[in-house]
Amino acid sequence: LYNRAEIDKLFESIYDDFKNEGALSLWEQCKKEEIEYRQILQINLAQEINDIGLSVKQVESKVKNIKDDLKERDKQILDKIKDIQKERTLLSNIYFKSCTDMSEIEEGKIHLIVTSPPYYSGKEYENMTFGEYEQLLKESMQECYRILCCGGRLCLNISDIPNKDNEGFYPIALTIFPMMQTIGFKAIDKIIWKKDDPWHSNPQVKLADQQGKYRILPSTEYIYIFKKEGEREIDNATILQSSIKKEEWKQFVTGLWDINSVKSNDEHPAMFPEEIPQQLIKMYSYVGDNVLDPFLGSSTTIKACRELGRIGYGYEKNEKYREVIIQKLMTIQKG
C-alpha cells in the first residue's frame, strides 16, 4: 500500500505547477501528508491482519479494495490541488493582515491607491476608541505614502462621523487633512458621492417625535484625492491605450457622482458600488499600473483592477472575508 515510487510519480506530475506559482512549500506539505496517510493505512492493515488472523484471500480482497480507494483518492488529490491553485491565483497580491504594515510591497511600487477605510460609525469591525481610530488612519496612510510612487494619487472615500444618540457630529476633514499634510500628501481634488435617499436605508429613524429637532440623514460621502510629490513619465502609447471616452470624461469631472449604494451588505457590512473604483481607476491610472486597496473588504477594487487591465493589490485584516473575496473575484468580466 505504501509505494513511495507511486507517490513520487503522482506529485512529480504537478511539480511544475507549484514551482511556477512559487508554492513548493505547499507542494511538499501535500506530499508529506499523503505519505503519512498511506503509511498509517498500511500499519493499520498489518495490525488488523495480526489481531484477527485474516486468510490470504481475505487479505488480497482487502488490499484490492484499499488500492481501488487509493486510485480514487489520487483523483481527489489532483482536484484538490487544482482548487488550491485556483484560489492562490484569485488571491494573488492579497494579504490577510493589517495595512499598518505593508512590508510585502516595496517603496514606490504602487501607482494608485483607491480605498475606503472604516468610518467610525459603529460597524461591527470598528470596535475601537476614536484615538485608536485616528492611529489606524495615521499608520495606514504613512505606509500608503511609502509605497506610492512619486506623482501617484490616493483616492480616499470616507464620511463624516454622524450625530448618533446626541453624541455630536464630527467633520472627518478635521482629522484627515492635517494628518495627510503632515505625512506629505497634497490635497488636489474632492468628489461628492450622492447616494440613495437616506430614509430608504435608515428605517430606524422615525418621523414621529422629531418636530423641532429633526435629525439630518446624510445622503452623501466624500472622495478626497491626494497626490504624492513628483511627476510620472508615461509613454504616449500607454496614454492612448488608457484614455477614457469623452462621454465618460464629461460624467466623471463634474465632481458630483450620483451612484446608488450597494443594496445588500449581507456578505460584508460596508461594500461600496463597483462604479466608484472603476471610475477612479480610469481617471487616475494607466493600463498595467499597480493599484492598491489597503482596506480591501470584499475586494471590489481588485475586481475593478483586473477588469480594467491593472494589477491589484489589497490588504484585509479580517480573514473571515476570504471566501467572500474569492467568490467576488470569480465573477470578473474580461474585456
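Because the structure is a prediction, the values reported are computed rather than measured.

Cut-offs applied
Residues numbered from 1 in each chain as written. Predicted model: local features only at pLDDT ≥ 70, side-chain atom pairs only at ≥ 80, totals over all residues. Heavy atoms only, no water. Helix = DSSP H or I, 4+ residues; strand = E, 2+ residues; numbered from the N terminus. Buried < 20%, exposed > 50% of the residue type's maximum accessible area, 1.4 Å probe, protein only. Contact = heavy atoms within 4.5 Å. Areas by Shrake-Rupley, 256 points an atom, 1.4 Å probe, with all protein chains shown as cover. Patch = residues over 30% accessible without salt bridge, like charges linked within 9 Å, V, L, I, M, F, W, Y side chains within 5 Å. Salt bridge = Lys/Arg side-chain N within 4 Å of Asp/Glu carboxyl O. Lys, Arg positive; Asp, Glu negative; His and termini not counted. Charge placed at Lys NZ, Arg CZ, Asp CG, Glu CD. Core = buried A, V, L, I, M, F, W, Y, C linked by side-chain atoms within 4.5 Å. Pairing = 2+ DSSP bridges. Phe/Tyr/Trp six-rings, centres within 6.5 Å; stacked < 30°, edge-to-face > 60°. Lys NZ or Arg CZ within 6 Å of the ring centre and 35° of its normal. Axes fitted to C-alpha atoms, helices over the stretch in contact; angles between N-to-C directions. Left-handed = near helix turned anticlockwise from the far one by under 90°. Nonpolar A, V, L, I, M, F, W, Y, C, P; charged D, E, K, R; others polar.

S.K.: Looking at this model, I keep getting lost on the overall build of the chain. Mind explaining?
M.R.: Looking only at helices and strands, the chain features 12 helices and eight strands. Residue burial in the chain is summarised as follows: out of 335 residues, 40% are buried. Within the chain, contacts between residues separated by at least 24 positions form 76% of all contacts whose residues are at least 6 apart in sequence. Put simply, the chain shows about 19,300 Å² of open surface, and 49% of that area lies on carbon and sulfur atoms.

S.K.: Looking at this structure, I do not really get a negative patch on the surface. What am I missing?
M.R.: A cluster of acidic side chains, namely Asp69, Glu72, Asp79 and Asp83, defines a negative patch on the protein surface. Here Asp79 is to be found in helix 4 (residues 56-90).

S.K.: Any chance you could explain the nonpolar core here in plain terms?
M.R.: Generally speaking, nonpolar side chains in soluble globular proteins are found buried as a group. Ranked by size, the top nonpolar core spans 31 residues in total, and within it Ile110, Met141, Leu154, Ile176, Phe185, Phe226 and Leu292 carry the most contacts. When residues of this core are traced back to their parent elements, those giving at least two are strand 2 (110-115), helix 5 (130-147), strand 3 (148-158), helix 6 (173-183), strand 5 (220-227) and strand 8 (311-315). No other element matches helix 5, which puts seven residues into this core.

S.K.: Honestly, the pairing of strand 8 in this entry has me stumped. Any pointers?
M.R.: One face of the sheet, then the other: side chains in a regular strand alternate in exactly this way. The buried fraction of strand 8 is high, at four of five residues. Two elements, strand 1 (residues 94-95) and strand 8, share two bridges in a ladder whose sense is parallel. Each bridged residue has a counterpart across the sheet, and for Tyr95 the counterpart in strand 8 is Tyr315. Here four bridges tie strand 7 (residues 290-293) to strand 8, and the two strands are oriented parallel to one another. Bridge pairing links Val291 to Gly312 in strand 8.

S.K.: How do you make sense of the environment of Thr301 when you look at a structure like this?
M.R.: Here Thr301 is to be found in helix 11 (residues 300-307). Here Thr301 falls in the buried class, since its relative accessible area comes to 0%. Taking C-alpha positions, Thr301 is 9.9 Å from Ser116, a pair spaced 185 residues apart along the chain. Aside from chain neighbours lying at most four places away, what touches Thr301 is Val114, Phe272, Pro277, Ile281, Val291 and Asp293.

S.K.: So what exactly am I meant to see when it comes to the sheet that holds strand 2 here?
M.R.: Across the sheet, which stays open at both edges, the eight strands sit in the order 1-8-7-2-3-5-4-6 with mixed pairing between neighbours. Lying at the two open borders of the sheet, with one neighbouring strand each, are strand 1 and strand 6 (256-258). With five bridges joining them, strand 2 and strand 3 adopt parallel strand pairing. In the strand pairing of strand 3, Thr115 is matched with Leu156.

S.K.: What is the right way to look at the pattern of salt bridges in this model?
M.R.: When charged atoms on two side chains of opposite charge get close, those side chains can pair. This structure, assessed with the given rule, holds 16 salt bridges. Across the pair Lys62 and Glu48 runs a salt bridge, and its minimum N-O distance is 3.4 Å. With Lys62 in helix 4 and Glu48 in helix 3 (residues 24-52), this residue pair connects regions lying 14 residues apart in the sequence. You can call Lys62 partly exposed: its relative accessible area is 29%. Looking at Glu48, the relative accessible area reads 26%, which means it is partly exposed. One salt bridge connects Asp68 with Lys64, and the closest N-O pair in it is separated by 3.2 Å.

S.K.: Please clarify how unusual backbone geometry should be interpreted in this entry.
M.R.: With the exception of glycine, the majority of residues adopt a negative phi angle, and the majority of peptide bonds are in the trans configuration. Positive phi, close to 70 degrees, is recorded for Asn93, a residue that is not glycine. Looking at the secondary structure, you find Asn93 in the loop between helix 4 and strand 1. By relative accessible area, which is 24% here, Asn93 ends up partly exposed. Of note in the backbone geometry, Ser299 takes a positive phi value of approximately 80 degrees without being a glycine. Residue placement: Ser299 occurs in the loop between strand 7 and helix 11.

S.K.: I tried to follow the packing of aromatic side chains on my own but got confused; where do I start?
M.R.: Evaluated as defined, the whole model comprises 12 aromatic pairs. What links up through ring pairs into an aromatic cluster is the set Tyr145, Phe177, Phe185, Tyr222, Tyr224 and Phe226. The residue whose ring lies beneath Lys195 is Trp193, and the NZ or CZ to ring-centre distance is 5.5 Å. Positioned above the aromatic ring of Tyr145, the side-chain terminus of Lys228 is 4.7 Å from the ring centre.

S.K.: How should the packing of helix 5 against helix 6 be read in this particular structure?
M.R.: The relative placement of two packed helices comes down to the angle between their axes together with the axis-to-axis distance. Between helix 5 and helix 6, the least distance of the axes is 10 Å, while the angle of their chain directions is 35 degrees. Crossing of helix 5 over helix 6 shows right-handed handedness. Together, Phe130, Glu134, Leu137, Lys138, Met141, Gln142 and Tyr145 of helix 5 and Thr175, Ile176, Met179, Met180 and Ile183 of helix 6 make up the contact between the two elements. Here the contact of helix 5 with helix 6 is built from residues that sort into eight nonpolar, two polar and two charged.

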